[in-house]
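Listed below are the residues making up each chain.
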2 protein chains.
Amino acid sequence: MRACRREPVPRPPVWLMRQAGRYLPEYQAVRSRVSFLELCKSPELSAEVMLATVDRLGVDAAIIFSDLLPILEPMGLELEFTEGTGPVIHNPLRGPDDLARFLELEDVSPLDFVYETVRATRAGLSADLPVIGFAGAPFTLAGYAIEGGGSRTWLHTKRMMLTEPAAWHELMGRLARTVIRYLLAQFDAGANAVQVFDSWVGCLGPEHYREFVLPHSRTVLEAVAARGPVIHFAAGNPALLPLAAAAGGSVLGIDWRIDLDEAWRQVGYDRAVQGNLDPAVLHTTPDVVRQQTEKVLAQAAGRPGHIMNLGHGILPQTPVENVLELIATVKAAG
Amino acid sequence: MRACRREPVPRPPVWLMRQAGRYLPEYQAVRSRVSFLELCKSPELSAEVMLATVDRLGVDAAIIFSDLLPILEPMGLELEFTEGTGPVIHNPLRGPDDLARFLELEDVSPLDFVYETVRATRAGLSADLPVIGFAGAPFTLAGYAIEGGGSRTWLHTKRMMLTEPAAWHELMGRLARTVIRYLLAQFDAGANAVQVFDSWVGCLGPEHYREFVLPHSRTVLEAVAARGPVIHFAAGNPALLPLAAAAGGSVLGIDWRIDLDEAWRQVGYDRAVQGNLDPAVLHTTPDVVRQQTEKVLAQAAGRPGHIMNLGHGILPQTPVENVLELIATVKAAG
């Protein structure tokens, strides 16, 4: 929390995106009993998974165990997680006419299970560690809603954005207002900070980001800023960073595609930064992990406001010993 | 050719990466008779496909019809193109021991079919249009050789790079020296310019690019520079652009993830630039194509040395009428 506010700390705090994930045997054991979506909808179990991970890794924050996409279900989409292929939406939005069946949520209580997860995680966590809530940014949610899942090209999304701008802005507006209520409810439930994930926005260039994304991200980021630190993670394209900073966030998430010192210069020293070790580094050896972690730490040294993290989520099959080495290296920097 | 040398031209020249591709019915007709690899190895047919495309589209250059990967076959890899899943290498290089079966080509005559394609394309093309040869950059070739195909994470590649740096540099050196001979042979056969594709290098951050890639790309780019214009296309990560420019190339290829005017500022006005319309724009309507093309042209206006192109290859299922609209828009700018 102090790092988010750019206050001096003895060493950078550290947590990892997807820290409770497929790479952990304990997580796999839980998942052998329940599906991913069932787990997300079981607050006690979700909290347990994250609390056990925080204990195991010794990280400095818990992010709630949840997913970007359940918010789309009460808005009208049929969501399924299939093993191996990732999320599928069976009734994607492909044109303006489809908006009639995509509802802004005035009432976000259909997502009560998420606020329960925040509460249970907060209740079980040491008082000196923060709980981070999260949501998808409007663009990333729109991308999934339009494609019906992940995509390499985001072609349907870009087509709607460019050829049906009125429908696009209406869709993004509904998402933005719903996400605001969803994040505020997570703060109400006890989240100390929130992260907004624009995981796929890097498929756009700056011109399109400025026109079709920035105003909606700004709506979200400004509306929740008063409640606590907001980490804005616009991933995949370093050329968007100055615009992502303009959209908002007290902390900017930085992926590994740019040197952290250069990224911080670009987003401005009036913001904190989070990142940015390449998650692939965790697939090497403890020695390489230590050396590469120290390089990232060195780039951010000399200025308060760095939260150590990866530049993207932990990959499957990551050796746990390398994750522990990363965390030990950060702690040794104190 | 004048644009490559940053000499004044009445309007920017235009050609498109993958201009002879799956989106064209004429190309599909050829491919219904021969496989992709057979086509690449049939110089007369490869030339025919490209010459017909140049006629059909009215573009200002022919790039040879070929592929990045056939160079890996005589170096020792078993290459197959399977419909739908893309290239597969059946005996990928996964560690230092595998280098024993990966040979630098002192003699690049096993790739004679490529030089024949250059010759046949040059012979059939109007004298006022250039023929562009090409090759993969060392990193992109190493990535395919190590992964055994394309990858989302390039995990095996990064692991070898970070944990076996000596083997990595040896592998990159063999690739660089082979690529130099391959490109020089294409110039000998009549290519007027060449493009070096580092299609997947955007998976790296600047620090890793600087240490593990830049020296080898520079070796290639410097060795062929005296023979004619070299277009260096390091795609996928705008934060690499200043380093890619430092590696070399009289023309820098720019993908759509950065505004073209900002990209040109970063690579320096002593270089020409090529790009950078988002290929997804060609999946919209002729009106949107015209408007978006004009925006790109406007960003590069006022300074000689812009070659209009996409920011990546044409996507499958692209409507031909939109491709024609892009080209007509560039020609109307004259």
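Being a predicted model, the structure only gives us computed values, none of them experimental.

Caption draft 1: Just the overall build of chain A, in detail. Across its full length, chain A holds 13 helices and nine strands. Considered along the principal axes of its C-alpha atoms, chain A spans approximately 55 × 45 × 35 Å. Taking the intrachain contacts of chain A between residues at least 6 apart in sequence as the baseline, contacts between residues at least 24 apart amount to 73%.

Caption draft 2: Quick look at the interface of chain B and chain A. Counting residues at the interface gives 25 residues for chain B, matched by 25 residues for chain A. Going through the elements one at a time, helix 6 (155-163), helix 8 (206-212) and helix 12 (286-300) of chain B are the ones with two or more residues in the side of chain B that touches chain A. When residues of the side of chain B that touches chain A are assigned to their parent elements, the largest contribution, five residues, is made by helix 6 of chain B. For the side of chain B that touches chain A, the per-class residue count stands at 11 nonpolar, seven polar and seven charged.

Caption draft 3: A look at the packing of helix 5 (residues 138-147) of chain A against helix 7 (residues 165-188) of chain A. All names here are of chain A. Running from amino to carboxyl end, helix 5 crosses helix 7 at an angle of 120°, the nearest separation of the two axes being 9 Å. Taken together, helix 5 and helix 7 sit at an angle that is classed as oblique. With respect to the hand of their crossing, helix 5 and helix 7 are arranged in right-handed fashion. Every residue of helix 7 that contacts helix 5 at Pro138, Leu141 and Ala142 is listed here: Leu171, Met172, Leu175, Ala176 and Val179. Looking at side-chain class alone, the contact of helix 5 with helix 7 contains eight nonpolar, no polar and no charged residues.

Caption draft 4: Here's a closer look at the sheet that holds strand 7 (residues 251-253) of chain B. Residue and element names in this part refer to chain B. The strand order across the open sheet formed by seven strands is 1-4-5-6-7-8-9, and the pairing between neighbours is parallel. Strands at the two margins of the open sheet, each flanked by one partner only, are strand 1 (62-63) and strand 9 (306-310). Sheet topology note: the strand 1/strand 4 (residues 131-136) ladder contains two bridges and is parallel. Within the sheet, the bridge partner assigned to alanine 62 lies in strand 4 and is valine 131. In the packing of helix 11 (residues 260-267) onto the sheet, contacts are made with strand 7 and strand 8 (272-277), and the angle to strand 8 comes to roughly 150°.

Caption draft 5: The sheet that holds strand 1 (residues 62-63) of chain A, seen in detail. Sheet architecture is open: seven strands sit in the order 1-4-5-6-7-8-9 (chain A), paired in parallel fashion. The two strands at the open ends of the sheet, each matched to only one other strand, are strand 1 and strand 9 (306-310) of chain A.

Caption draft 6: Focus on unusual backbone geometry. Residues and elements named next belong to chain A. The omega angle of the peptide bond from glycine 275 to asparagine 276 is -5°, so this bond is cis rather than trans. Among the structural elements, asparagine 276 can be located in strand 8 (residues 272-277). Within the chain, glutamine 317 stands out as a residue other than glycine whose phi angle is a positive 65°. According to the C-beta neighbour criterion, glutamine 317 is exposed, with 10 such atoms within 10 Å.

Caption draft 7: Highlighting helix 12 (residues 286-300) of chain A. All names here are of chain A. The terminal C-alpha atoms of helix 12, which comprises 15 residues, lie 21 Å apart, in line with the 21 Å expected from a rise of 1.5 Å per residue. All buried positions along helix 12 are accounted for by Val289, Gln292, Thr293, Val296, Leu297 and Ala300. One side of helix 12 carries all its buried residues, which in axial view fall inside an arc of 145°. Away from its buried face, by an angle of more than 90 degrees, helix 12 presents the exposed residues Asp287 and Ala298. Where helix 12 is buried, its residues meet helix 11 (260-267), strand 8, strand 9 and helix 13 (320-332).

Caption draft 8: View of helix 5 (residues 138-147) of chain B. All names here are of chain B. With 10 of 10 residues buried, helix 5 is to be regarded as a mostly interior element. For helix 5, the full list of buried residues reads Pro138, Phe139, Thr140, Leu141, Ala142, Gly143, Tyr144, Ala145, Ile146 and Glu147. Elements in contact with the buried residues of helix 5: strand 3 (86-89), strand 4, helix 6, helix 7 (165-188), strand 5 (193-198) and helix 9 (214-224). Glycine 148 sits one or two residues past helix 5 and shows a positive phi near 85°.

Caption draft 9: Quick peek at the relation of the copies chain B and chain A. Mapping chain B onto chain A is achieved by rotating through 180° and translating by 0.0 Å along the same axis, at an RMSD of 0.0 Å. Read as a symmetry element, the transformation amounts to a two-fold axis. In this assembly, 100% of the residues forming the interface of chain B have copies in chain A that are likewise at the interface, indicating an isologous arrangement.

Caption draft 10: Spotlight on the environment of leucine 93 of chain A. Residue and element names in this part refer to chain A. If you trace the backbone, leucine 93 turns up in the loop between strand 3 (86-89) and helix 4 (112-124). Given 27 C-beta atoms within 10 Å, leucine 93 falls into the buried group. In this structure, the C-alpha to C-alpha distance between leucine 93 and histidine 156, residues 63 residues apart in sequence, is 9.2 Å. Ignoring sequence-local partners within four residues, the contact set of leucine 93 consists of Asp98, Leu99, Phe102, Ala145, Ile146 and Leu171.

Caption draft 11: Representation of the pairing of strand 9 of chain A within the structure. All names here are of chain A. When you tally the buried positions in strand 9, you get five out of five residues, the bulk of the element. Burial along strand 9 is two-sided: the face carrying His306, Met308 and Leu310 and the face carrying Ile307 and Asn309 are both buried. Taken together, the five bridges between strand 8 and strand 9 define a ladder with parallel strand orientation. Bridging from a neighbouring strand, valine 273 pairs with histidine 306 of strand 9. In this view, the connection linking strand 8 to its parallel neighbour strand 9 by way of helix 12 has right-handed handedness.

Rules behind the numbers
- Residues numbered from 1 in each chain as written.
- Chains lettered and ligands numbered in written order.
- Predicted model: local features only at pLDDT ≥ 70, side-chain atom pairs only at ≥ 80, totals over all residues.
- Helix = DSSP H or I, 4+ residues; strand = E, 2+ residues; numbered from the N terminus.
- Contact = placed C-beta atoms within 7 Å.
- Nonpolar A, V, L, I, M, F, W, Y, C, P; charged D, E, K, R; others polar.
- Axes fitted to C-alpha atoms, helices over the stretch in contact; angles between N-to-C directions.
- Parallel < 35°, antiparallel > 145°, perpendicular 65-115°, else oblique.
- Left-handed = near helix turned anticlockwise from the far one by under 90°.
- Pairing = 2+ DSSP bridges.
- Buried ≥ 20, exposed ≤ 12 C-beta atoms within 10 Å, placed from the backbone.
- Expected span 1.5 Å × (residues − 1).
- Arc of directions from axis to C-beta.
- Least-squares fit on C-alpha atoms with pLDDT ≥ 70 in both.
- Right-handed = clockwise from strand over helix to strand, strands pointing away.

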